[in-house]
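# Coordinates in review
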Amino acid sequence: MAVLACVGYAGYLYIPVAYQAWLFKDLMQHYADVAGAQGYQPSWAADQLVKSEAEYAVPSNAIVTPAAKDNRIEVRVQYTRPIEFPGYTYMYEFDYTAKSTAFLSFK
């Protein structure tokens, strides 16, 4: 029973962090696609992501790197978020690059 309680508590702490990261990946993809389709600069997508950091519990020291490669917009976000378990701190590492869809990009 104690093992089940420990696993449940670990899931209680980890799942919300992983879910917010998954939602942020979706937001990154959205802004990369919009920037590519509308012809915006890569920095526009980065600015939009920085504005949304608090809503998705992204640390303020996250590294946001926008780029334009092969007629696509790429946005890379990197951060580490600590998850404190009793007696152990797990460092959740987020490193994801969203690339705009090629057929939406202007030449």
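Before any of the text, the structure's been laid out above.
As the structure is a prediction and not an experimental result, all values here were calculated from the model.

What follows is about the packing of helix α1 (residues 2–38) against helix α2 (residues 42–51). Where α1 contacts α2, the two axes come as close as 9 Å, and the packing angle between them is 150°. The angle between α1 and α2 places the two elements in the roughly antiparallel class. Relative to α2, α1 is oriented so that their crossing is right-handed. Within the contact between the two elements, α1 uses F24, L27, M28, Y31, V34 and A35 and α2 uses W44, A45, Q48 and L49. Its residues assigned to classes, the contact of α1 with α2 comprises 9 nonpolar, 1 polar and no charged.

For the rest of this paragraph, the subject is the pairing of strand β3 (residues 88–99). As paired elements, strand β2 (residues 72–85) and β3 share 12 bridges and run antiparallel to each other. Bridge assignment links R76 to a residue of β3, and that residue is T97. Following β2, the chain reverses through 2 residues before pairing antiparallel with β3; G87 in that reversal takes a positive phi of roughly 85°.

About the criteria used
Residues numbered from 1 in each chain as written. Predicted model: local features only at pLDDT ≥ 70, side-chain atom pairs only at ≥ 80, totals over all residues. Heavy atoms only, no water. Axes fitted to C-alpha atoms, helices over the stretch in contact; angles between N-to-C directions. Helix = DSSP H or I, 4+ residues; strand = E, 2+ residues; numbered from the N terminus. Parallel < 35°, antiparallel > 145°, perpendicular 65-115°, else oblique. Left-handed = near helix turned anticlockwise from the far one by under 90°. Contact = heavy atoms within 4.5 Å. Nonpolar A, V, L, I, M, F, W, Y, C, P; charged D, E, K, R; others polar. Pairing = 2+ DSSP bridges.

Treat this as a map of the structure, not an account of what it does.
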